[in-house]
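# Remarks on the overall topology
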Amino acid sequence: MVVLKIVQVGDPVLRGDNRELTPEEIRTPKIQQLVELMRETMYDAPGVGLAAPQIGAPLRLAVIEDRAESMRGLPPEELARRERVVVPFHVIVNPVLTIEDPAPLVFHEGCLSVSGFVGSVSRARGVRVDALDHRGEPVLIHARGWHARILQHEIDHLNGHLYVDRMDPRTFSTSDNYLRHGRLEPAP
Ligand code: ZN
């Protein structure tokens with residue numbers, strides 16, 4: 001398995017412009033191979049999403065998957081609070097995000113490009129994403145809860161934003177301290 005290097009915060013590629021891909025381009029072996037490499041890199045990290053700029057490619061493309069393995073060890077009530085369910089692997093290209101349910105959900109999140117840290121971020125509960133899929137075909141995604149959070153996080157990457165731009169700075173923590181001291185986000 002080949003794993004790509006994940007760019008860390010401070011690298012300009014995480015703050016730059018990312019270009020769109022045409023349907024024809026998505027179908028090229030080059031992009032198909034990039035998607036496979038990003039998938040393997042996301043599994044290896046492990047993470048539930050990875051955007052192209054995070055592996056140094058300034059493209060409006062991201063991969064997402066929330067597997068049952070990723071949730072192992074999390075209490076059912078915590079999964080329920082987050083509205084976190086298994087999300088199959090999918091690719092979004094040139095995504096356009098629309099907030100469908102603006103109710104704010106506040107939880108800690110992390111980022112593979114801000115390795116070792118987490119912070120509390122308010123995200124909209126429900127979103128709609130219009131995008132192209134891995135075959136260059138139009139897709140419409142309606143997502144709630146944690147999947148909606150992942151989509152917002154990954155699409156932020158494509159716009160040069162990181163969760164640290166949106167977090168409550170007083171909740172910023174190492175991942176270790178977050179696990180040690182429990183959740184810091186205000187109760188819902
Ligand atoms: Zn990230």
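Further up the page is the structure itself.
Scope of this entry: the structure provided in the associated data block. (Residues numbered from 1 in each chain as written. Predicted model: local features only at pLDDT ≥ 70, side-chain atom pairs only at ≥ 80, totals over all residues. Heavy atoms only, no water.)

Another aspect to go through is unusual backbone geometry. The peptide bond linking Ala 45 to Pro 46 adopts the cis configuration, its omega dihedral lying at -15°. Along the polypeptide, Pro 46 turns up in the loop between helix H2 (29-44) and strand S1 (49-51). Here Glu 83, not a glycine, exhibits a phi torsion of approximately 50°, which is positive. Turning to its location among the elements, Glu 83 is positioned in the loop between helix H4 (76-82) and strand S3 (87-110). What makes Glu 83 partly exposed here is its relative accessible area of 23%. Positive phi outside glycine occurs at Asn 94, with the angle close to 50°. As for its placement among the helices and strands, Asn 94 is situated in strand S3. (Helix = DSSP H or I, 4+ residues; strand = E, 2+ residues; numbered from the N terminus. Buried < 20%, exposed > 50% of the residue type's maximum accessible area, 1.4 Å probe, protein only.)

Next up on the list: helix H5 (residues 145-158). For H5, which comprises 14 residues, the first-to-last C-alpha distance of 20 Å matches the rise-based estimate of 20 Å (1.5 Å per residue) to within 8%. Counting buried positions over the 14 residues of H5 gives 14, a clear majority of the element. Looking one or two residues past H5, Gly 160 carries a phi angle of roughly 80°, positive in sign. (Expected span 1.5 Å × (residues − 1).)

Let's shift gears to the coordination of the zinc ion. Those protein atoms acting as donors to the zinc ion are Cys 111 (SG), His 153 (NE2) and His 157 (NE2), and they sit at 2.0 to 2.3 Å. On the basis of relative accessibility, which here comes to 9%, the residue Cys 111 falls in the buried class. Assessed through its relative accessible area of 9%, His 153 is described here as buried. (Donors = N, O, S within 2.8 Å, 3.2 Å for Na, K, Ca; no water.)

This paragraph deals with the side chain of Asp 156. Locating Asp 156 in the fold gives a position in helix H5. Relative accessible area serves as the criterion here: at 8%, Asp 156 is assigned to the buried category. Here Arg 123 takes part through its side chain, which lies 2.9 Å from a polar atom of the side chain of Asp 156. The contact partners of Asp 156, leaving out residues within four places of it in the chain, are Arg 123, His 161 and Arg 166. (Polar contact = N/O pair within 3.5 Å; in protein donor to acceptor, adjacent residues only side chain to side chain. Contact = heavy atoms within 4.5 Å.)

Our focus in this paragraph is the nonpolar core. Judged by nonpolar contacts, the single largest core of 18 residues is most densely connected at Met 38 and Leu 61. Those elements giving two or more residues to this core turn out to be H2, strand S2 (61-66) and S3. A total of five residues in this core trace back to one element, the largest contributor, which is H2. Not counting the four nearest positions on each side in its chain, Leu 61 is found in contact with Leu 21, Ile 31, Val 35, Met 38, Ala 51, Ala 52, Val 91, Ile 92, Val 93 and Leu 158. With 17 residues, the next largest nonpolar core counts Val 127, Ala 131, Ile 141 and Leu 158 among its residues. (Core = buried A, V, L, I, M, F, W, Y, C linked by side-chain atoms within 4.5 Å.)

Once that is clear, we can look at the pattern of salt bridges. Side-chain pairs of opposite charge can arise whenever the charged atoms involved come near each other. The tally for this structure, following the rule as stated, stands at 17 salt bridges. Between Asp 165 and Arg 15 there is a salt bridge, with its nearest N and O atoms 2.7 Å apart. Here the residue Asp 165 occupies a position in the loop between H5 and strand S6 (168-174), and Arg 15 occupies one in the segment before helix H1 (23-26), the gap between them amounting to 150 residues. With its nearest N and O atoms 2.7 Å apart, the salt bridge here joins Arg 135 to Asp 133. Taking the relative accessible area as the measure of exposure, Arg 135 reaches 47% and is therefore partly exposed. Residues joined in a network through salt bridges with shared partners are Glu 109, Arg 123, Arg 149, Asp 156 and Arg 166. (Salt bridge = Lys/Arg side-chain N within 4 Å of Asp/Glu carboxyl O.)

Its location among the elements puts Gly 145 in helix H5. A relative accessible area of 4% means that Gly 145 is categorised as buried. Separated by 37 residues in the primary sequence, Gly 145 and Gly 182 have C-alpha atoms spaced 21 Å apart. Excluding anything up to four places from it in sequence, Gly 145 contacts Arg 82, Glu 83, Leu 105 and Arg 125.

Limitation: the analysis is restricted to geometry and does not speak to function.
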